[in-house]
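Each chain is listed here by its residues.
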Amino acid sequence: MPHVIQPSESRRFKLTLNSDGRSHPVENIMSVATLVLGLVAFVTTFFTDLHWISAWVGVAGFGVGLFSQYISVTTPQRSVNIIGIVASFVGAALGIAHGGFLP
């Protein structure tokens, strides 16, 4: 049983959203866009004067994230979508709580 102790083939770790081996450019772009919008919405909540950016970007990220989750194909895409959706929701909620959609 030498194959149990040492695998015959060592695989290098590769960070990818295409875990099924096929290319999904639209789904990948939407997943990354959801994550970026969510991070922008979340980070701007730390600056209360930027509440309107948090609110608008958070709502946009939430909407894009829900659609991206609907069309996602692989598990890594869904994971990135969930992180972006939650960050967008928190950003939008705190942006609204700090003053709303208008500057």
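As the structure is a computational prediction, the values presented were derived from the model and not from experiment.

S.K.: Would you explain the overall build of the chain in this entry?
M.R.: Counting its secondary structure elements, the chain contains four helices and zero strands. In sequence order, the chain lays out its α and β elements as α-α-α-α. In terms of C-alpha radius of gyration, the chain reaches 18 Å, well past the compact-globule figure of 13 Å for 103 residues. Seen through its C-alpha atoms, the chain measures out along the principal axes to roughly 65 × 25 × 15 Å. A burial count over the chain gives 31% of its 103 residues as buried. Contacts in the chain between residues at least 24 apart in sequence constitute 78% of all its contacts with a sequence separation of at least 6.

S.K.: Can you help me understand the packing of helix α2 (residues 25-44) against helix α4 (residues 75-98) in this one?
M.R.: When two helices pack together, you describe them by how their axes are tilted relative to each other and by the distance separating the axes. Direction vectors running N to C along α2 and α4 enclose 30°, while the axes themselves pass 7 Å from each other. Compared by their axis directions, α2 and α4 come out roughly parallel. Regarding α2 and α4, the two cross each other, and that crossing is left-handed. Here E27, N28, M30, S31, T34, L35, L37, G38, L39, A41 and F42 of α2 lie close against α4, whose contacting residues are Q77, V80, N81, I83, G84, I85, A87, S88, V90 and G91. Within the contact of α2 with α4, the residues separate by chemical class into eleven nonpolar, nine polar and one charged.

S.K.: Whenever I open this one, the packing of aromatic side chains confuses me. Can you help?
M.R.: How two aromatic rings sit relative to each other is given by the distance of their centres and the angle of their planes. On inspection of all chains with the given rule, the structure shows four aromatic pairs. Summarising the aromatic geometry, the rings of F42 and F46 are spaced 5.4 Å apart at their centres and angled 85° between planes, so their arrangement reads as edge-to-face. Relative to F89, the ring of F62 has its centre 6.0 Å away and its plane inclined at 45°; by these criteria the two rings are tilted. Highlighted residues: F62 in helix α3 (residues 51-71) and F89 in helix α4, separated in sequence by 27 residues. Residue F62 is classed as partly exposed on the basis of its relative accessible area, which comes to 31%.

S.K.: Sorry, what's going on with the environment of V57 here?
M.R.: For V57, the location among the structural elements is in helix α3. On a C-alpha basis, the gap between V57 and V36 in space is 9.8 Å, while along the polypeptide they are 21 residues apart. Here V57 is in contact with L37, V40 and A41, once residues within four sequence places are set aside.

S.K.: I tried to follow α2 on my own but got confused; where do I start?
M.R.: Counting along an α-helix, one turn takes 3.6 residues, and residues three or four places apart therefore face a common direction. Between its first and last C-alpha, α2 extends 28 Å over 20 residues, near the 28 Å set by a 1.5 Å rise per residue. Within α2, the full set of buried residues consists of E27, N28, M30, S31, T34, G38, A41 and T44. Contacts from the buried residues of α2 go to α3 and α4.

S.K.: Would you mind going over the environment of G84 with me for this structure?
M.R.: When you line up the elements, G84 lands in helix α4. C-alpha of G84 to C-alpha of V40: the two residues are 44 residues apart in sequence and 9.8 Å apart in space. Setting aside anything within four residues of it in sequence, one finds G84 in contact with T34, L35 and G38.

Criteria and thresholds
Residues numbered from 1 in each chain as written. Predicted model: local features only at pLDDT ≥ 70, side-chain atom pairs only at ≥ 80, totals over all residues. Heavy atoms only, no water. Helix = DSSP H or I, 4+ residues; strand = E, 2+ residues; numbered from the N terminus. Rg over C-alpha atoms; globule rule 2.2 N^0.38 Å. Buried < 20%, exposed > 50% of the residue type's maximum accessible area, 1.4 Å probe, protein only. Contact = heavy atoms within 4.5 Å. Axes fitted to C-alpha atoms, helices over the stretch in contact; angles between N-to-C directions. Parallel < 35°, antiparallel > 145°, perpendicular 65-115°, else oblique. Left-handed = near helix turned anticlockwise from the far one by under 90°. Nonpolar A, V, L, I, M, F, W, Y, C, P; charged D, E, K, R; others polar. Phe/Tyr/Trp six-rings, centres within 6.5 Å; stacked < 30°, edge-to-face > 60°. Expected span 1.5 Å × (residues − 1).

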